[in-house]
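Per-entry structural report
Chain by chain, the residues run as shown.
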Amino acid sequence: MGKLVEGIWHDVWYETKASNGRFQRKDAQFRNWVTLDGSPGPNGEKGYIAESGRYHLYVNLACPWAHRALIFRKLKGLEKAISVSIVHWRMKENGWEFHPGDLGSTEDHLYNMDYLHQIYTKADPHYTGRVTVPVLWDKKEQTIVSNESAEIIRMLNSSFDAFAEKEAPDFYPATLHREIDQINQKVYHAINNGVYKCGFATSQEAYSEAFKALFAALDELESRLDHQKYLAGDQLTEADWRLFTTLVRFDPVYFGHFKCNKKRLVDYPNLWALTRELYQYPGVAETVNIPHIKAHYYGSHETINPTGIIPEGPEIDYNMPHKR
Ligand SMILES: N[C@@H](CCC(=O)N[C@@H](CS)C(=O)NCC(=O)O)C(=O)O
């Protein structure tokens, strides 16, 4: 685990002293957009025109943020249009590395690099910041378009329909923008990033605060699903997919490794059924690699799990009928 400073790699863990033990995720820095006509997107400076074969995703199968991008590539039928390289599950002193063959990881198909940080410095030789997945790479201009998953999935949802192998729903329909954005805000802070705030906290107070907010938000969503099918109403949207990548990791990893252990996902009947429904959605199960997920978290975070031992359990049947 480390970061680049002026293009030079440094092996450092997250800094939490200045925030009394609280983990604070930094904003992603590459924020440009691929759009239908190449005009700039809602933020960032530059627009890139959607084309088939031009863009590449760098992901990891463990990371919930990268998983969003992989899911949208699958849901929207973009596997031929957008290629993918998968970094190795182990993330230690060199950050993300390329080692093909182990639990789904591949080589860097574009440049045969050893480390993901080399992709960042190829885009910006003076980059300062963390080296994260997912990365949406432009093969033509040889640069990073975006390393923000929330924005990458919006691009995949709406800019590439002309190159899709199948028709797919719009997961961010105009009529639900406000509702989806509001849900996302809450789910991001309390749940998606909330589990990390529990796991990476270095003070009791910071952990307890994140833990309470996490389970209050899960309780609230569980009740919401008593009277509506999906988070934003009766339609499956981006908000559900964004929640899914955290829920599917909850019992295998966050419950134990990140100490999010008030309740398991399986103790929330509605959320657990939603997770199974989304897991069983065509193509999605192929994007979920539980051994890779467990190996990454338990095997990479030495400060939390110094022995690197990967637990054998729990046994979870995501294919059980969801009856929704
Ligand atoms: N805001 C980013 C966050 C991505 C992120 O933090 N990814 C993690 C993996 S789960 C990562 O690559 N961490 C490496 C690091 O922080 O050094 C997004 O959603 O795309």
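Residues numbered from 1 in each chain as written. Predicted model: local features only at pLDDT ≥ 70, side-chain atom pairs only at ≥ 80, totals over all residues.

A tally of helices and strands in the protein chain yields nine helices and nine strands. Computed over its C-alpha atoms, the radius of gyration of the protein chain comes to 19 Å, within 12% of the 20 Å expected for a compact globule of 324 residues. Principal-axis analysis of the C-alpha atoms gives the protein chain an extent of 50 × 45 × 35 Å. Out of the 324 residues belonging to the protein chain, those deemed buried represent 41%. The long-range share in the protein chain, meaning contacts at least 24 apart out of those at least 6 apart in sequence, stands at 65%. (Helix = DSSP H or I, 4+ residues; strand = E, 2+ residues; numbered from the N terminus. Rg over C-alpha atoms; globule rule 2.2 N^0.38 Å. Buried ≥ 20, exposed ≤ 12 C-beta atoms within 10 Å, placed from the backbone. Contact = placed C-beta atoms within 7 Å.)

So, on to the sheet that holds strand β1 (residues 3-5). The three strands lie next to each other as β2-β1-β7, forming an open sheet whose pairing is antiparallel. What marks the edges here is a single partner per strand, and that holds for β2 (8-10) and β7 (129-130). With three bridges joining them, β1 and β2 adopt antiparallel strand pairing. Within β2, the position partnered with lysine 3 by the bridge is histidine 10. (Pairing = 2+ DSSP bridges.)

Here the focus is the nonpolar core. Tyr58, Ala69, Cys198 and Leu214 are the most contacted members of the largest nonpolar core, which totals 86 residues. Tallying contributions element by element places helix α7 (residues 238-254) first for this core, with nine residues. Both of domain 1 (3-163) and domain 2 (174-281) provide at least three residues apiece to this core. For leucine 214, the contacting residues outside a window of four places in its chain are Ala190, Ile191, Gly194, Val195, Cys198 and Cys260. (Core = buried A, V, L, I, M, F, W, Y, C linked by C-beta atoms within 7 Å. Domains from an automatic or database assignment.)

Turning our attention to the pairing of strand β6 (residues 82-86). Regular strands place side chains that alternate from one sheet face to the opposite one. Two elements, strand β5 (residues 55-59) and β6, share five bridges in a ladder whose sense is parallel. Within β6, the position partnered with leucine 57 by the bridge is valine 84.

This next bit is on the pairing of β5. Across the five residues that make up β5, a large majority, four, are buried. As for the winding sense of the linkage, the β-α-β connection from β5 through helix α1 (residues 64-75) to β6 is right-handed. (Right-handed = clockwise from strand over helix to strand, strands pointing away.)

Now for the environment of tyrosine 58. Structurally, tyrosine 58 can be placed in strand β5. For tyrosine 58, a count of 27 C-beta atoms within 10 Å corresponds to the buried category.

The next subject is the domain arrangement of the protein chain. Partitioning the protein chain into domains gives domain 1 (3-163) and domain 2 (174-281). Relative to domain 2, the C-alpha centre of domain 1 lies at a distance of 23 Å. Those elements that provide at least two residues to the side of domain 1 that touches domain 2 are α1 and α3 (149-158). At four residues, the largest contribution of residues to the side of domain 1 that touches domain 2 is made by α1. A class-by-class count of the residues in the side of domain 1 that touches domain 2 yields five nonpolar, five polar and three charged. (Nonpolar A, V, L, I, M, F, W, Y, C, P; charged D, E, K, R; others polar.)

This part takes up the sheet that holds β6. Across the sheet, four strands lie side by side as β6-β5-β8-β9; this open sheet has mixed pairing. Unpaired on one side and paired on the other, β6 and β9 (143-146) mark the two borders of the sheet. Each strand axis lies, on average, 35° off the axis of its neighbour in the sheet, ignoring direction. Sheet analysis places β5 next to strand β8 (residues 135-138), joined by four bridges and oriented antiparallel. Bridged to tyrosine 55 within β8 is aspartate 138. (Axes fitted to C-alpha atoms, helices over the stretch in contact; angles between N-to-C directions.)

Below, the discussion takes up the environment of isoleucine 180. Position of isoleucine 180 relative to the elements: it lies in helix α4 (residues 177-192). For isoleucine 180, a count of 22 C-beta atoms within 10 Å corresponds to the buried category. Measuring from C-alpha to C-alpha, the distance between isoleucine 180 and alanine 232 comes to 6.1 Å, with 52 residues separating the pair along the chain. Residues in contact with isoleucine 180, not counting those within four places in the same chain, are Tyr172, Ala232, Thr237, Glu238 and Ala239.

The description of two helices packed together rests on the angle between their axes and the distance between the axes. In contact at an axis separation of 8 Å, helix α6 (residues 204-227) and helix α8 (residues 269-279) are set at 80° when each is read in the N-to-C sense. If you check the angle between α6 and α8, you find them roughly perpendicular. Every residue of α8 that contacts α6 at Leu218, Leu221, Glu222, Leu225 and Asp226 is listed here: Asn270, Leu271 and Leu274. Partitioned by chemical class, the residues of the contact of α6 with α8 number five nonpolar, one polar and two charged. (Parallel < 35°, antiparallel > 145°, perpendicular 65-115°, else oblique.)

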